[in-house]
Amino acid sequence: MTVTPSTTPSTTQPPTYDVAPPPATILPSYDEDAAPVVPRLGLGKASPDERFAKVGSWVAGLGLAWVVTQRLLPLDGLPWLLIAWFVLGVAVSAVTAGMTGGRIEVKDRVAESLVTGAALLVGAAVVSTVVFVALRGWRPLLHLNFWTDDMSGVGPKDGFDTGGVVHAITGSAIELGIALLITLPLGIGTAVFMTEVGGKFARIVRTVVEAMTALPSIVAGLFVYTVFIIALGQPRSGLAAGLAISVMILPIIARASDVVLRVVPGGLREASLALGASRWRTVWHVVLPTARPGLATAVILGVARGVGETSPVLLTSGAAAFLVTNPTDGVMNSLPLFIYSNVRSGEPVAIERAFAAATALLILVLILFTLARVLARPRGNRPPLRSRLARRRPSDLESR
Amino acid sequence: MTTIPTPEAELAQVSPRRLSRASTGADAVFTASARTIGASVLVITGGVGAFLAWQAYPTLRRYGWSFFTESQWQPDQDVIGIAAVLCGTVSVALVAMFFAFPLALLTALYISEYAPARIKSTLVALIDLMAAVPSIVYGLWGFFLIMPHAAELALWLQRHLGWIPIFQVADTDPNAATWDATRYVSSAFCAGIAVSMMVMPMACAVMRQVFSQTPPGEKEAALALGATKWGMVTSVVLPFGRGGIIGGTMLGLGRALGETIAVVLIVSPAFEVKPRILEVGTSTVSSLIAGRFGEASTSQLSALLAAGFVLFLITLVVNTGAAVVVNRSRSGAGVD
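The model shown is predicted, which means the values in this text are computed figures rather than measured ones. (Residues numbered from 1 in each chain as written. Chains lettered and ligands numbered in written order. Predicted model: local features only at pLDDT ≥ 70, side-chain atom pairs only at ≥ 80, totals over all residues. Heavy atoms only, no water.)

## Side note on the overall build of chain B
Piece 1. Counting its secondary structure elements, chain B contains 13 helices and two strands.
Piece 2. For chain B, buried positions account for 51% of its 336 residues.
Piece 3. Accessible surface, chain B as shown: approximately 15600 Å² in total, 64% of it carbon and sulfur. (Helix = DSSP H or I, 4+ residues; strand = E, 2+ residues; numbered from the N terminus. Buried < 20%, exposed > 50% of the residue type's maximum accessible area, 1.4 Å probe, protein only. Areas by Shrake-Rupley, 256 points an atom, 1.4 Å probe, with all protein chains shown as cover.)

Here it is, written out as structure tokens:
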């Protein structure tokens, strides 16, 4: 309802009626210059005033923190300064908010500070993880032999100009290849069965698969160790490690693919069936292509989980110091296992090599992850690859 | 002269077309093969669970209830029990959730409500990437970077909050001139911090997903009624996302219970039921398996499998609970 401001009250000019006049309506007058009863909240951009109060509070908090930690209390060191800065900054923000508003504004400001602070802390933890690993391990990475050589005949104390991790990278790739060969058809096939065929049996399968995503990775490794190595008497090998990784990521991939297939709009399926396509053709030509980006993401995230998991590999593959390319031919190394065994050796040089391998593993995961993001982008409004490489505008990144 | 066929005569011959949902031709092959794949996956995954139960049975029958109450793990003397490792598993997971839960909740709120629209998608990708970082990397981070600082924090906690039983450290004097750092490292507390980095992104991703499904109309209604942003969050976003908060937390808890390699790297093994999380030495089910599988004989392997089976049952209960909570809550409505 709009209130029309009127300078003259409507009762001054009574209208004339043929019949008896109805009771006169008194429109409320509206004073535009009067101050609002409660201060209005700006939902848009903060005014310069508010921005100054916000930034100024934190600057004041920093100053107070310096005085408190360095001059008043015996709390030396950067961590205490940061903690004090955060606590005092929140306190000063609360005070400045309380100067202009009431309790609600104070709560709002404090909550905003806490939420932003927590997000910053998480960001700092991520950055510290990546930077710390890269800083401790960058020296071996610069030697070419780190990428092209294996560790055969290289002692734990030998310098970085000998030895490398090519055997671990190859091992990881082979083990993952085996795992993918098993889980890709089975995982996506199960998801197709659960969503497209359905029925009572499919519900049982879904329940069991969802339950098995809870299987701890070490137990998956122990299962393969008991069955494949102890009971069947096979040697420790890349094949066993691949099987262990498969057991671990099969439920993960099946469940993620199931979620992706379930969000394919039912209208697309019905349209295809109404056009006379068989169920098989509907799945192959409509459902799977629609879900392809999501399926790619599900598989790649499962693979990223598999490549970094140490515990199943630890139990099943053994560790070789030399390049092994035959997965059935005895022990085989892999990146997580290489890192683990080098760190456990306690030798400073070996530990630095482990950090370098961890950096390589991080790079590998990052590549897989970027691949997943690129594939997960919707196909429709995606320019071809070449033009995207030619010019990258910031607006492309935002429109995701 | 033409004869008009009478409808009655025709109708007598017409029989309704047989409708069948049974697939024919290629569809039959498709259905059958899909069913086969589903059945094989059921056999594989269900087989793992059944195998674990089958292998665990002899151990559980031999040791009976004492398997759960005995804290020592000495197969040579025929003394085997998981009380200590279960206690360690739970304490590491609880420490992890103590750090991970508030951080995950606040970060999810920041991404969904407070972050500028420009960097929102980047932050979402960052959290997903964090979830994909291998656990051994977090293990390295926790062992080499965090543990010295965590030990100092542990000393501080013992000094000022030492009257609480969980912050006590045996055989140390917190006010000694030089503190004995070796009593404070390799503890459940240190391992829990590293594990919290692993479970935080998982819980955060689930929470953010649910928060982003909050109906925008309700949020706008709250703002239009004059709520501040925090008022909007507490009155609309958090109640709507309650299922996601609980579900994400429990999912993270399930992962924290089963985490192996970071714990193996950080803790020094000790078989003792103790609530003192700051003190050196603890053991979890998964670190027990990782440490003992190598020299295990067949019967000891069965005992390890029994321990693994118990761990699996616990994570199964936690994960199922999470799934039920997420599905029951209003948050899941209209997503399918």
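Now that the structure is up, let's keep going.
## Side note on the overall build of chain A
Piece 1. Broken down by element type, chain A carries 15 helices and zero strands.
Piece 2. Burial statistics for chain A: of 400 residues in total, 41% are counted as buried.
Piece 3. Across chain A, every contact between residues at least 6 apart in sequence was considered, and the portion connecting residues at least 24 apart equals 66%. (Contact = heavy atoms within 4.5 Å.)

## Concerning the confidence of the model for chain B
Piece 1. Residues at a pLDDT of 70 or more form 93% of chain B, whose mean pLDDT is 83.
Piece 2. At the level of individual helices and strands, chain B shows its lowest average pLDDT in helix H1 (residues 7-13) of chain B, which scores 63, and its highest in helix H4 (residues 83-114) of chain B, which scores 91. (pLDDT = per-residue confidence, 0-100.)

## Side note on the packing of helix H12 (residues 335-345) of chain A against helix H6 (residues 135-161) of chain B
Piece 1. Interaxial distance between H12 of chain A and H6 of chain B falls to 10 Å at its minimum, and their mutual angle equals 20 degrees. For the element pair H12 of chain A / H6 of chain B, the angle class is roughly parallel. Judged by the twist between their axes, the crossing of H12 of chain A over H6 of chain B is left-handed. In contact with Pro-336, Ile-339, Tyr-340 and Val-343 of chain A of H12 of chain A, H6 of chain B contributes Ile-136, Leu-140 and Phe-144 of chain B.
Piece 2. Looking at the contact of H12 of chain A with H6 of chain B residue by residue, the classes come out as seven nonpolar, no polar and no charged. (Axes fitted to C-alpha atoms, helices over the stretch in contact; angles between N-to-C directions. Parallel < 35°, antiparallel > 145°, perpendicular 65-115°, else oblique. Left-handed = near helix turned anticlockwise from the far one by under 90°. Nonpolar A, V, L, I, M, F, W, Y, C, P; charged D, E, K, R; others polar.)

## Details of helix H7 (residues 188-211) of chain B
Piece 1. The terminal C-alpha atoms of H7 of chain B, which comprises 24 residues, lie 32 Å apart, in line with the 34 Å expected from a rise of 1.5 Å per residue.
Piece 2. Of all the bends in H7 of chain B, the greatest, near 30 degrees, is centred on Val-199 of chain B, and the proline Pro-201 of chain B appears no more than four residues after it. (Expected span 1.5 Å × (residues − 1). Bend = angle between axes of the 7 residues up to and from the residue.)

## Digging into the interface of chain A and chain B
Interfaces are often sized by the amount of accessible area the parts lose when they come together.
Piece 1. Across the boundary between the two partners, chain A contributes 84 residues, which contact 75 residues of chain B.
Piece 2. For the chain A face of the interface with chain B, the top three residues by lost area are Val-115, Leu-222 and Arg-279 of chain A, together amounting to 8%.
Piece 3. Our count for the chain A to chain B interface comes out at zero salt bridges.
Piece 4. Summed over the shared surface of chain A and chain B, the number is six residue pairs in polar contact (both at pLDDT 80 or more).
Piece 5. Looking at which element gives the most residues to the side of chain A that touches chain B, the answer is helix H3 (residues 103-141) of chain A, with 19 residues. (Buried area = accessible area lost by both parts, 1.4 Å probe. Salt bridge = Lys/Arg side-chain N within 4 Å of Asp/Glu carboxyl O. Polar contact = N/O pair within 3.5 Å; in protein donor to acceptor, adjacent residues only side chain to side chain.)

## Focus on empty space enclosed by the protein
All names here are of chain B.
Piece 1. A full pass over the atoms with the stated rule returns three cavities of 30 Å³ or more.
Piece 2. Of the voids in this model, the largest cavity is the one considered here, and its volume is about 60 Å³.
Piece 3. By residue number, the principal contributor to the lining of the largest cavity is H4, which donates four residues.
Piece 4. When its residues are assigned to classes, the lining of the largest cavity shows four nonpolar, four polar and four charged. (1 Å grid on protein atoms, 1.4 Å probe; cavity = no way out; pocket = protein on both sides within 12 Å on 5 of 7 lines; lining within 4 Å. Points joined across faces, edges and corners; volume = space filled by probe spheres on them.)

## Observations regarding the environment of Val-343 of chain A
Piece 1. For Val-343 of chain A, the location among the structural elements is in helix H12.
Piece 2. Judged by its relative accessible area of 8%, Val-343 of chain A falls in the buried class.

## Structural notes on the UniProt feature "transmembrane region" (unreviewed entry) in chain A
Residue and element names in this part refer to chain A.
Piece 1. Per the UniProt record, the feature "transmembrane region" (unreviewed entry) sits at residues 79-102, 114-135, 176-195, 207-233, 239-261, 282-304 and 354-376.
Piece 2. Across residues 79-102 one finds 92% helix and 0% strand; the C-alpha atoms that close the span lie 33 Å apart.
Piece 3. Helix and strand shares over residues 239-261 are 100% and 0% respectively, and the end C-alpha atoms of the span are 30 Å apart. (UniProt positions renumbered as here; feature names shortened; annotations may be inferred.)

## Comments concerning the packing of aromatic side chains
Piece 1. Under the defined criterion, the tally for this structure stands at 15 aromatic pairs over all chains.
Piece 2. Members of the aromatic cluster, joined through ring pairs, are Phe-132 and Phe-355 of chain A together with Phe-143 and Phe-144 of chain B.
Piece 3. Seen from the ring of Phe-144 of chain B, Arg-136 of chain A lies directly overhead, with NZ or CZ sitting 5.0 Å from the centre.
Piece 4. Sitting over the face of the ring of Tyr-63 of chain B, Arg-62 of chain B holds its NZ or CZ atom 5.1 Å from the ring centroid. (Phe/Tyr/Trp six-rings, centres within 6.5 Å; stacked < 30°, edge-to-face > 60°. Lys NZ or Arg CZ within 6 Å of the ring centre and 35° of its normal.)

## Points about the side chain of Glu-309 of chain A
Piece 1. Along the chain, Glu-309 of chain A falls in the loop between helix H10 (279-308) and helix H11 (311-316).
Piece 2. A distance of 3.5 Å separates the side chain of Glu-309 of chain A from the side chain of Ser-217 of chain A, its partner in a polar contact.
Piece 3. Once residues lying within four places of it in the same chain are set aside, the contact partners of Glu-309 of chain A are Ser-217, Met-248 and Pro-336 of chain A together with Ser-135 and Arg-255 of chain B.

## Some thoughts on the packing of helix H2 (residues 26-63) of chain B against helix H13 (residues 298-328) of chain B
Residues and elements named next belong to chain B.
Piece 1. At a closest axis distance of 8 Å, the pairing of H2 and H13 adopts a crossing angle of 125 degrees. Between H2 and H13, the crossing angle belongs to the class labelled oblique. Crossing geometry of H2 relative to H13 is assigned as left-handed. Contact with H2, carried on its side by Gly-49, Phe-51, Leu-52, Ala-53, Gln-55, Ala-56 and Thr-59, involves Ser-302, Ala-303, Leu-305, Ala-306, Phe-309 and Phe-312 of H13 and no other residues of that element.
Piece 2. Tallied by class, residues from the contact of H2 with H13 come to nine nonpolar, four polar and no charged.

## Let's talk about the pattern of salt bridges
All names here are of chain A.
Piece 1. If you walk through the whole model with that rule in mind, you get seven salt bridges over all chains.
Piece 2. A salt bridge links Arg-206 to Asp-258, with the shortest nitrogen-to-oxygen separation between them at 3.1 Å. Highlighted residues: Arg-206 in helix H6 (residues 200-212) and Asp-258 in helix H8 (residues 238-262), separated in sequence by 52 residues.
Piece 3. Asp-258 is paired through a salt bridge with Arg-262; the nearest N and O atoms lie 3.4 Å apart. Separated by four residues within a single helix, Asp-258 and Arg-262 lie in helix H8, roughly one turn from each other.
Piece 4. Under the relative-accessibility criterion, Asp-258 is labelled buried at 2%.
Piece 5. The partly exposed category is assigned to Arg-262, whose relative accessible area is 33%.
Piece 6. Put simply, Arg-206, Asp-258 and Arg-262 are held in one network by salt bridges that share partners.

## Brief notes about the nonpolar core
Piece 1. If you look at the biggest cluster of nonpolar residues, it comprises 184 residues, and the most contacted ones within it are Leu-215, Leu-222 and Ile-339 of chain A together with Trp-73 and Leu-304 of chain B.
Piece 2. Among the elements that line this core, the one with the most residues is H4 of chain B, at 16 residues.
Piece 3. Of the domains in this structure, domain 1 (48-137) and domain 2 (166-377) of chain A are the two that each give at least three residues to this core.
Piece 4. Residues contacting Trp-73 of chain B, with those up to four places away along its chain left out, are Phe-67, Val-79, Ile-80, Gly-81, Ile-82, Phe-271, Leu-288, Arg-292, Ala-303 and Leu-304 of chain B.
Piece 5. Formed by five residues, the second largest nonpolar core is a distinct cluster that contains Ile-178, Ala-320, Val-324 and Met-332 of chain A. (Core = buried A, V, L, I, M, F, W, Y, C linked by side-chain atoms within 4.5 Å. Domains from an automatic or database assignment.)

## A few points about the confidence of the model for chain A
All names here are of chain A.
Piece 1. For chain A, the average pLDDT comes to 81, and 86% of its residues sit at 70 or higher.
Piece 2. The weakest mean pLDDT in chain A belongs to helix H15 (residues 394-398) at 45; the strongest belongs to helix H9 (residues 266-274) at 91.
Piece 3. Ignoring residues within four places in sequence, the model shows residues 1-10, a span with pLDDT below 50, making six contacts including any to other chains.
Piece 4. Segment residues 392-400 is flagged for pLDDT under 50; beyond a separation of four residues in sequence, or across chains, it makes six contacts in the model.

## Some remarks on the side chain of Arg-109 of chain A
Residue and element names in this part refer to chain A.
Piece 1. For Arg-109, the location among the structural elements is in helix H3.
Piece 2. The buried charged residue Arg-109 lacks any salt bridge partner; its closest oppositely charged side chain belongs to Glu-112, at an N-O distance of 5.0 Å.
Piece 3. In this structure Arg-109 touches Ser-93, Thr-96 and Ala-97, once residues within four positions along its chain are discounted. (Lys, Arg positive; Asp, Glu negative; His and termini not counted.)

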